[in-house]
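# Structural overview for review
The primary structure of each chain is shown beneath.
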There are 2 protein chains.
Amino acid sequence: MSRIDELTRQTGEWLRGEGPMSEVVISSRIRLARNLKGYPFLSRADQSQQRKLYRELSECITASPIGKDIFIADFEELSELDRQVLVERHLISRQHAHGEGARGVAVSGSERQALMVNEEDHLRIQVLRSGLRLEALWEEIRDIDLSLEKQIEYAYDQRYGYLTACPTNVGTGLRVSVMLHLPALKLVKEIDRVFRAAHDMKLAVRGIYGEGTDAVGDFYQVSNQVTLGRTEEEIIDEFGKTIIPKMVEYELKVREAMARERPYQLDDKIWRAYGILKNARAMSSEEALFLLSHIRMGVAMGRFKHVDVQTINELLLQTQPAHLQKIHQEKLSGEQRSIKRAKLLRARLEKHQPRDN
Amino acid sequence: MSRIDELTRQTGEWLRGEGPMSEVVISSRIRLARNLKGYPFLSRADQSQQRKLYRELSECITASPIGKDIFIADFEELSELDRQVLVERHLISRQHAHGEGARGVAVSGSERQALMVNEEDHLRIQVLRSGLRLEALWEEIRDIDLSLEKQIEYAYDQRYGYLTACPTNVGTGLRVSVMLHLPALKLVKEIDRVFRAAHDMKLAVRGIYGEGTDAVGDFYQVSNQVTLGRTEEEIIDEFGKTIIPKMVEYELKVREAMARERPYQLDDKIWRAYGILKNARAMSSEEALFLLSHIRMGVAMGRFKHVDVQTINELLLQTQPAHLQKIHQEKLSGEQRSIKRAKLLRARLEKHQPRDN
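As the structure is a prediction and not an experimental result, all values here were calculated from the model. (Residues numbered from 1 in each chain as written. Chains lettered and ligands numbered in written order. Predicted model: local features only at pLDDT ≥ 70, side-chain atom pairs only at ≥ 80, totals over all residues. Heavy atoms only, no water.)

## As for the overall build of chain A
Stated precisely, the cut-off is as follows: We count a stretch as a helix when DSSP gives it H or I for four or more residues in a row; a strand needs E for two or more, and each element gets its number in order from the N terminus. Note on method: radius of gyration uses C-alpha positions; expected globular size equals 2.2 Å times residues raised to 0.38. Burial classification: accessible surface area is computed with a 1.4 Å probe over protein chains only, and a residue below 20% of its type maximum counts as buried, one above 50% as exposed, and the rest as partly exposed. Working definition of accessibility: Shrake-Rupley area with a 1.4 Å probe, residue cover restricted to the visible protein chains. Charged residues are defined here as Lys and Arg on the positive side and Asp and Glu on the negative side; His and the ends of the chain fall outside this count. To locate a charge, take NZ of a lysine, CZ of an arginine, CG of an aspartate or CD of a glutamate.
The helix and strand tally for chain A stands at 13 helices and 10 strands. The C-alpha radius of gyration computed for chain A amounts to 21 Å, which stays within 12% of the reference 21 Å derived for 357 residues, consistent with globular compactness. Each principal axis of the C-alpha distribution contributes one length, and for chain A these read about 65 × 45 × 30 Å. Relative to its full complement of 357 residues, chain A shows a buried share of 59%. Accessible area of chain A: about 15,400 Å², with a carbon and sulfur share of 48%. Put simply, chain A has 54 plus and 53 minus side-chain charges, and the middle of one group is 4 Å from the middle of the other.

## Examining the relation of the copies chain A and chain B
Relating one copy of the chain to the other requires a rotation about an axis plus a shift along that axis. Just so we agree on the cut-off: Here the copies are matched by least squares. The fit uses the C-alpha atoms of residues with pLDDT of at least 70 in both. In this analysis, two residues are considered to be in contact whenever any of their non-hydrogen atoms come within 4.5 Å of each other.
Rotating chain A by 180° and moving it 0.0 Å along the rotation axis overlays it on chain B with an RMSD of 0.0 Å. One copy is carried onto the other by what is essentially a two-fold rotation axis. Closest approach to the rotation axis within chain A is made by the C-alpha atom of G275 of chain A, at a distance of 2.1 Å. Residue by residue, 100% of the interface of chain A is reproduced at the interface of chain B, so both copies engage with the same surface.

## Things to note about the pattern of salt bridges
In plain terms, the rule: The salt bridge criterion pairs a side-chain nitrogen of Lys or Arg with a carboxyl oxygen of Asp or Glu, the two atoms within 4 Å.
If you walk through the whole model with that rule in mind, you get 52 salt bridges over all chains. In this structure, E111 of chain B engages R89 of chain B in a salt bridge whose closest nitrogen and oxygen atoms are separated by 2.7 Å. On the criterion of sequence distance, the pair formed by E111 of chain B in the loop between β3 (104-108) and β4 (113-117) and R89 of chain B in the loop between α3 (80-88) and α4 (94-97) is long-range, its members being 22 residues apart. Among the residues examined, R89 of chain B registers a relative accessible area of 1% and is labelled buried. With a closest N to O distance of 2.7 Å, R255 of chain B and E251 of chain B form a salt bridge. Here R255 of chain B pairs with E251 of chain B, and both are found in helix α8 (residues 232-261), just 4 residues apart, close to one helical turn. One connected set of salt bridges, linked through shared partners, spans E119, E120, D121 and R124 of chain A.

## Here's the deal with the sheet that holds strand β5 (residues 123-130) of chain A
All names here are of chain A. Stated formally: Pairing between strands is defined by DSSP: at least two bridges between the two strands are required. Every axis in this analysis is a line fitted to C-alpha atoms, fitted for helices over the stretch in contact. Angles between the N-to-C directions lie between 0 and 180 degrees.
If you walk across this open sheet you meet the 8 strands as β2-β3-β4-β5-β1-β8-β10-β9, and the pairing is antiparallel. Every interior strand has two partners, whereas the edge strands, β2 (70-74) and β9 (203-206), have only one. On average, each strand axis in the sheet is tilted by 20° relative to the strand beside it, whichever way the strands run. Relative to strand β4 (residues 113-117), strand β3 (residues 104-108) runs antiparallel, the two being bridged by 4 bridges. Along β4, the bridge assignment pairs G104 with V117. Contacting β2, β3, β4 and β5, helix α2 (residues 47-63) runs over the sheet at an angle of about 165° to β2.

## Remarks on the domain arrangement of chain A
Residue and element names in this part refer to chain A. Counted only if it meets this: Note that the domain bounds were set by an automatic or database domain assignment. Accessible area that two parts lose when put together, evaluated with a 1.4 Å probe and summed over both, is termed the buried area.
Assigned domains within chain A: domain 1 (3-254) and domain 2 (262-349). Each of domain 1 and domain 2 was reduced to a C-alpha centroid, and the two centroids are 26 Å apart. Taken together, the 27 residues of domain 1 in the interface contact 23 residues of domain 2. Carbon and sulfur atoms make up 63% of the area that domain 1 and domain 2 hide from each other, which totals about 2,300 Å². Taken together, the connections running from domain 1 to domain 2 amount to 2 salt bridges.

## A short note on helix α11 (residues 309-318) of chain B
Residue and element names in this part refer to chain B. Among the 10 residues in α11, 8 count as buried, and that is most of the element. Of all the residues in α11, the buried ones are T311, I312, N313, E314, L315, L316, L317 and Q318. Buried residues along α11 sit in contact with α1 (3-8), α3, β10 (219-224), α10 (285-300), α12 (321-328) and α13 (334-350).

## Notes on the environment of L86 of chain A
All names here are of chain A. With respect to the helices and strands, L86 occurs in helix α3 (residues 80-88). For the pair L86 and I30, spaced 56 residues apart in sequence, the C-alpha to C-alpha distance is 17 Å. Aside from chain neighbours lying at most four places away, what touches L86 is I4, L7, F75, L78, L91, I92 and V105.

## Some thoughts on the packing of aromatic side chains
Residue and element names in this part refer to chain A. Where we set the bar: Each Phe, Tyr or Trp ring (for Trp, its six-membered ring) is paired with any other whose centre lies within 6.5 Å, and the angle between the two planes then decides the class: stacked below 30 degrees, edge-to-face above 60, tilted in between.
Going through the model one piece at a time under the given rule, you end up with 12 aromatic pairs over all chains. On the basis of an interplanar angle of 65° and a centroid distance of 5.4 Å, the ring pair of F195 and Y220 is categorised as edge-to-face. Taken together, the positions of F195 in helix α7 (residues 191-200) and Y220 in strand β10 (residues 219-224) put the pair 25 residues apart, joining distant regions of the chain. On the accessibility criterion, F195 (27% relative accessible area) is partly exposed.

## Focus on the interface of chain A and chain B
What counts here: Polar contacts, as counted here, are pairs of nitrogen or oxygen atoms within 3.5 Å of one another; within protein the pair requires one atom able to donate a hydrogen and one able to accept it, and residues that are adjacent in sequence qualify only if both atoms are side-chain atoms. Here the term charged refers only to Asp, Glu, Lys and Arg, the term nonpolar to Ala, Val, Leu, Ile, Met, Phe, Trp, Tyr, Cys and Pro, and the term polar to all other amino acids, Gly among them.
Taken together, the contact between chain A and chain B spans 22 residues of the former and 22 residues of the latter. A buried area of about 2,100 Å², summed over both sides, lies between chain A and chain B, and 48% of it is on carbon and sulfur atoms. Where chain A packs against chain B, one counts 2 salt bridges. Among the salt bridges present, the one from E287 of chain B reaches R272 of chain A, with a minimum N-O distance of 2.7 Å. In this structure, the connection of chain A to chain B is made through 8 residue pairs in polar contact (both at pLDDT 80 or more). Listing elements by their share of the side of chain A that touches chain B, those giving two or more residues are α9 (263-279) and α13 (334-350) of chain A. The dominant element in the side of chain A that touches chain B, judged by the number of residues it contributes, is α9 of chain A, at 9 residues. For the side of chain A that touches chain B, a count of residues per class yields 9 nonpolar, 4 polar and 9 charged.

## As for the packing of helix α9 (residues 263-279) of chain B against α13 of chain B
Residues and elements named next belong to chain B. Here is the rule: Every angle not falling under 35 degrees, over 145, or within 65 to 115 is termed oblique; those three ranges are roughly parallel, roughly antiparallel and roughly perpendicular.
Across the interface, α9 lies against α13 with an axial gap of 7 Å and an inter-helix angle of 115°. When the axis of α9 is compared with that of α13, the two are roughly perpendicular. Here Y274, L277, K278 and N279 of α9 come into contact with α13, specifically with L345, R346, L349 and E350.

## With respect to unusual backbone geometry
Although it is not a glycine, N118 of chain A adopts a positive phi angle of roughly 60°. Along the polypeptide, N118 of chain A turns up in the loop between β4 and β5. In this structure, E111 of chain B takes a positive phi of about 65° despite not being glycine. Given a relative accessible area of 0%, E111 of chain B falls into the buried group.

See the structure below:
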């Protein structure tokens, strides 16, 4: 079995549903964009330079302290389906999966660390965990960053900071990103207000699969857009202590109000989602996310006990197109996936046979 | 317990799901519009004339051969809720329920016969049964009509035939009406073609609750509009041997094609309906009809065996607003009904716990 096959059978740490504020915060992520001194940015690098970069960075990662626990996936040797699995697991970006030339990703066993080589920048170090744990993540990523810097020299400018392919990343090269589950704000149509506030604070709000994707199933990624002129600690502090806790509080308040003022409507949403997931014979991945989202809310609120968060989180991943094909070990058409997805959901939810109340 | 309370606990014969072509034909109905000679039409009758009419017709019905098995509901003594129950059971029209003055209905125990007194006409004799059984119904209603005519004289004109309040009923005073269940034609969007054909044949197509109501849950009432210039036998013959069998054949063909060409889509519709009915915590009567309709199709096609037609038919009635309130013996707001309706559906479907396949 390949390492990618093994991945599809486990749940990354970031999807465990644990950690601070995990009723609303699915996961936190920090990434640093880094480039090597003495090489052109990738947009200007030729194939041999790109290959040399790939080799140097792979070796450097392997030799670093995190190297023991890491496996490196070389994209030129990986099938499209395997790369898609990595996208669905949030270990690489879509762009990286569809890129060209020597490139890859180094992934730790727990999937808490993923270092993309030759994505937009030469190196993108990422750490991710479930719940809101930005400070711990910051310590973790700083250690990785420093250990790598002992072996290689980053492109760095005294005035601007770290130099990056895209000007929006220049400076710290830092992006902090938190995935939130905001079903109640969506249900009461307050979500646009959150978006406007985020926009005013120069934050980006994206769907579950990053740039250019819609928010499906009420999962939203909130991240900083500006990295220049502020320290890493300032950005992380604001995110972890002000911005995200406020959004979480807002979502929780609306959930409480719904539970108090219209409990039947709320339970109706949750139970219908369950009824459809447990009985449908065909289902898109978008609908699965959407319905699982409602159940997740019910579980988080203590109103629904027939499925555990762990199962929901696993299903969020396993119902994605590439994972589904990996599980069935064959290439499937959209219609076939839709049928297999519904079957998988029924089988997984079958164990949980609730008594009516 | 009042006679109306008793009614709500039984299923009228017309909802048994039996008889010819019952996969598609819910029920057949024939009604005759009659007026008494020597009285003005109701639109011109004063209160005392209306009362006299009511008394004379009630006595005449009681004295006729069907009188033994019949109970007469006097609307001036009946609550609005009880009258609504009669509407939901298709024993009286909405107009009759909301009318004024001395009026009522005579209903046989099996609910196969219902004679409205002082609706639009002095007397409207109706017979109804499940399945397509127009010839038997015609024999039945002719016997009732003749037995009444022995006691009273109808307003009749040698040239025009039976005289009625509305010119569209003049002549035979006959309306033949068949309730069809056409979910497949709806799903493949062929239903408009059926409507156009019906329109060309001067037929009316209405929803499950008669004039001015939408077709909810894919149930359609098809009836003749012209009663003048043709004999009763001609109208009934055309309906029972040509028009309805053709529509039934069309619906069945589409069902077969769906089962052959996209079985998963079809099963998905059926199972989702089941999943929602079995889990929702709030539901409108329209949605209940709609979902029960899909399950009924699944049962009729032999694809779904976890609920029997009898249960579906009972639920079609019991989820209606007035029935629901009768069952709970209290007046309920729309929201309360919605919650109780969902609860009733869950409880009734709970017995049927399917194994997954």
